[in-house]
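Each chain, letter by letter, is given below.
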Amino acid sequence: QGKKLLHKIIHGGTYKSWMKGDYVNGKYIHPRQGEPDEWTVNFELEMKGVREYLMSKNPELVDSVKKVKDHNVAGSFIAIYLGEFERRLLESTYEYLRAKELTNYDSVLMNDGLMIPAGVPDDICEQLGEHLLRTTGFDITFTRKAFEMIDDLDEETIVAPHAIHPEVVENPME
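How each quantity is defined
- Residues numbered from 1 in each chain as written.
- Predicted model: local features only at pLDDT ≥ 70, side-chain atom pairs only at ≥ 80, totals over all residues.
- Heavy atoms only, no water.
- Patch = residues over 30% accessible without salt bridge, like charges linked within 9 Å, V, L, I, M, F, W, Y side chains within 5 Å.
- Areas by Shrake-Rupley, 256 points an atom, 1.4 Å probe, with all protein chains shown as cover.
- Salt bridge = Lys/Arg side-chain N within 4 Å of Asp/Glu carboxyl O.
- Lys, Arg positive; Asp, Glu negative; His and termini not counted.
- Charge placed at Lys NZ, Arg CZ, Asp CG, Glu CD.
- Helix = DSSP H or I, 4+ residues; strand = E, 2+ residues; numbered from the N terminus.
- Buried < 20%, exposed > 50% of the residue type's maximum accessible area, 1.4 Å probe, protein only.
- pLDDT = per-residue confidence, 0-100.
- Phe/Tyr/Trp six-rings, centres within 6.5 Å; stacked < 30°, edge-to-face > 60°.
- Axes fitted to C-alpha atoms, helices over the stretch in contact; angles between N-to-C directions.
- Parallel < 35°, antiparallel > 145°, perpendicular 65-115°, else oblique.
- Left-handed = near helix turned anticlockwise from the far one by under 90°.
- Contact = heavy atoms within 4.5 Å.
- Nonpolar A, V, L, I, M, F, W, Y, C, P; charged D, E, K, R; others polar.
- Core = buried A, V, L, I, M, F, W, Y, C linked by side-chain atoms within 4.5 Å.

Enquirer: Sorry if this is basic, but what is going on with a negative patch on the surface here?
Expert: Together, D122, D123, E126 and E130 make up a negatively charged patch on the protein surface. Relative to the helices and strands, D122 resides in the loop between strand 4 (113–115) and helix 6 (124–136). Classification of D122 by relative accessible area gives exposed; the value is 72%.

This is the structure:
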């Protein structure tokens, strides 16, 4: 639940709205109880300031979001902004793997990571972290996770990605 709270706050929500519960089919279910701790209150204030600062530096992206959203513009803005950074980091990671001939179009984007073929060097996680720090300035820690087979996929499990229109992410880093 803590991860959901942080995600909500990052994307423009509040502790107070999170306490209402999960919004499902037009109503809140599973209300939560408790008072926010000092860290949560400070995080909420800090994220509000971060969103406002980034939006002030990226008015074109804000305008693009406003063309398609009429509520929680700040949340949509930050989702696109952070998604663009994630895309760039994954792209740089993939380019590194290709340059080292550790993948040949057989890597797969998976949730918030990259699934790569077996047989890569034992220190590949360290190599990728060092590469991203050197080329992007981001200090990212990669970890290996075992792949577990999923035998019973059905059409409801498979979700098609939604395209982001180029004009929405035209210049998010200015």
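Enquirer: Teacher, can you tell me more about the confidence of the model for the protein here?
Expert: Keep in mind that low pLDDT regions are not for reading the predicted coordinates in detail. Across the protein, pLDDT averages 83, with 83% of residues at or above 70. Averaged over each element, pLDDT in the protein is lowest for strand 3 (residues 108–110) (77) and highest for helix 4 (residues 59–68) (96).

Enquirer: Any chance you could explain the packing of aromatic side chains here in plain terms?
Expert: Within a pair of aromatic rings, the relevant descriptors are the distance that separates the centres and the angle that separates the planes. With the rule as written, the count across this model stands at 6 aromatic pairs. Ring centres 5.6 Å apart and planes at 25° place the aromatic pair F77 and Y81 in the stacked group. Of this pair, F77 and Y81 are both found in helix 5 (residues 73–99), 4 residues apart, which corresponds to roughly one turn of the helix. For F77, a relative accessible area of 0% translates into the label buried. Aromatic rings pair up to connect F77, Y81, F85 and F138 into one cluster.

Enquirer: What's the story with the pattern of salt bridges in this structure? I'm lost.
Expert: Side-chain pairs of opposite charge can arise whenever the charged atoms involved come near each other. Enumeration according to the criterion identifies 5 salt bridges in this entry. Across the pair R87 and E84 runs a salt bridge whose closest N-O atoms are separated by 2.7 Å. With R87 and E84 both in helix 5 and 3 residues apart, the pair spans about one turn of that helix. The exposure class of E84 is buried, given its relative accessible area of 8%.

Enquirer: How do you make sense of the packing of helix 4 against helix 5 when you look at a structure like this?
Expert: When two helices pack together, their arrangement is given by the angle between their axes and by how far apart the axes lie. Helix 5 packs onto helix 4 with a crossing angle of 120° between their chain directions and a minimal axis gap of 9 Å. The orientation of helix 4 with respect to helix 5, classified from their angle, is oblique. Where helix 4 crosses over helix 5, the handedness of that crossing is right-handed. Residue-level contacts link L61, V62, V65 and K66 of helix 4 to V73, S76, F77, I80 and Y81 of helix 5. Counted by class, the contact of helix 4 with helix 5 contains 7 nonpolar, 1 polar and 1 charged residues.

Enquirer: So what exactly am I meant to see when it comes to the nonpolar core here?
Expert: Soluble, globular proteins show a tendency: their nonpolar side chains are buried together. If you look at the biggest cluster of nonpolar residues, it comprises 10 residues: L54, M55, L61, V62, V65, V73, F77, I78, I80 and Y81. Among the elements of the structure, helix 3 (38–57), helix 4 and helix 5 are those that each provide at least two residues to this core. Per-element tally for this core: the top contributor is helix 5, with 5 residues. Setting aside its immediate chain neighbours within four residues, V62 contacts M55, V73 and F77.

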